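Examining the three-dimensional arrangement
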Amino acid sequence: MFTGLIEEVGTLQHISRQGEALVLTIRANKVLEGVRIGDSISVNGVCLTAIRYDASTVAMDVMPETFRKTTLSRLVPGDRVNLERAMLATARFDGHIVQGHVDGTGVIRERGSVDNAVYFTIEPHDPSLFRYIIAKGSIAIDGISLTVVDSAERTFRVSIIPHTLAETVLQHKAPGDDVNLETDIVGKYVEHLLSWTGGNGAPGRGAARRGGGLSESFFKEHGYM
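**Section: a nonpolar patch on the surface**
Residues Val186, Val190 and Leu194 make up a contiguous nonpolar surface patch of about 250 Å² in total accessible area. As for its placement among the helices and strands, Leu194 is situated in the loop between α3 (185–193) and α4 (205–210). By relative accessible area, which is 44% here, Leu194 ends up partly exposed.

**Remarks on the nonpolar core**
In terms of nonpolar packing, the biggest core is built from 22 residues, with Leu24, Ile26, Val43, Leu48, Leu72 and Leu83 touching the most fellow members. Looking at this core, the elements that each hand over two or more residues are β2 (21–27), β3 (40–43), β4 (46–53), β5 (57–62) and β6 (80–85). In contact with Leu72, not counting residues within four places along its chain, are Leu22, Leu24, Val43, Asn44, Val46, Leu48, Val62 and Thr66.

**Details of the sheet that holds β2**
Taking strand neighbours around the barrel as the criterion, the six strands line up as β1-β2-β5-β4-β3-β6 in a closed arrangement whose pairing is antiparallel. Ignoring which end each strand starts from, the neighbouring axes of this sheet average 45° apart. Sheet analysis places β3 next to β6, joined by three bridges and oriented antiparallel. Note that in β6 the partner of Ile41 across the bridge is Arg85.

**Things to note about the side chain of Thr168**
Within the secondary structure layout, Thr168 lies in the loop between α2 (162–166) and β12 (178–183). Within the structure, the side chain of Thr168 is placed 2.8 Å from the backbone oxygen of Thr164, a separation counted as a polar contact.

What counts, and at which threshold
- Going along each chain's sequence as written, the residues are numbered from 1 onward.
- With pLDDT at 70 or above as the cut-off, local features in this predicted model cover only qualifying residues; side-chain atom pairs require 80 or more to be listed or tallied, and sums for whole chains, interfaces and linings still use all residues.
- Processing note: side-chain calculations cover all non-hydrogen atoms of the structure and skip hydrogens and water entirely.
- Like charges within 9 Å and nonpolar side chains (Val, Leu, Ile, Met, Phe, Trp, Tyr) within 5 Å are joined into patches, using only residues over 30% in relative accessible area that form no salt bridge.
- Here the accessible surface of atoms and residues is derived via Shrake-Rupley with a 1.4 Å probe, and residues count as covered only by protein chains that are part of the display.
- In what follows, salt bridge is the name for a side-chain nitrogen of Lys or Arg lying within 4 Å of a carboxyl oxygen of Asp or Glu.
- Helical segments are the DSSP runs of H or I of at least four residues, strand segments are the runs of E of at least two, and each set is numbered from the N terminus.
- Buried residues are those whose accessible area, probed at 1.4 Å on protein chains only, stays under 20% of the maximum for their type, while exposed residues exceed 50% and partly exposed ones sit between those limits.
- Note on terminology: a nonpolar core comprises buried Ala, Val, Leu, Ile, Met, Phe, Trp, Tyr and Cys residues joined through side-chain atoms within 4.5 Å.
- Working rule for contacts: check all heavy atoms of both residues, and any pair within 4.5 Å makes them a contact.
- Two strands pair if DSSP finds at least two bridges between them.
- Axis definition: a line fitted to C-alpha atoms, over the contacting stretch in the case of helices. Angles run 0 to 180 degrees between N-to-C directions.
- Between N or O atoms, a polar contact is any pair within 3.5 Å; within protein, one atom must be a potential hydrogen donor and the other a potential acceptor, and residues adjacent in sequence are included only when both atoms are from side chains.

Listed below in structure tokens is the structure:
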């Protein structure tokens with residue numbers, strides 16, 4: 001689990017590829033402090049596992065599913081990437097709950113500024129993600145915890161303060177560039193629970209396919225109201 005507060009921007013040093021499987025070797029500093037084999041590190045919002053490291057780099061596997069569903073497949077040596085270590089239970093939780101499980105990608109359609117704010121207008125490649133994207137709700141873009149300013153039929157907009165822009169890869173992003181998107185986990189679980197009730201009151205997949213779900217009558221029938 002991550003917070004969406006980027007700790008540093010690293011540099012992709014080397015890519016080893018076999019089919020749709022990759023090993024990314026990234027030059028970093030902050031995220032190497034106390035690193036161990038098996039640790040989780042978010043790379044542009046994708047949760048990856050450290051498989052080896054030295055004093056200045058860490059290597060991580062990318063499996064085919066991740067290759068196909070994220071922008072990691074388009075990286076080339078020299079690219080800059082957002083990095084964040086898994087959050088500590090004893091640390092302050094300043095962002096929002098980010099799993100590093102990317103829901104899909106989107107393309108930047110516009111970039112503009114108003115006073116000290118820089119706006120990005122993004123179009124998800126999968127329009128179904130809009131059921132989780134709401135104004136003033138949370139979203140992770142390349143692993144950065146951001147707030148949705150507003151949304152339209154095909155795009156949504158986020159606003160970046162100068163500090164966030166300067167400390168993340170968004171400073172290098174322009175219209176036409178793709179980004180990883182992870183929507184708020186709360187909305188996904190609520191949707192799932194609302195479609196997970198069987199006809200006899202017991203949870204089951206069959207009812208979900210039939211459109212059954214939690215309702216006021218269900219709560220009354222089972223003593224919740």
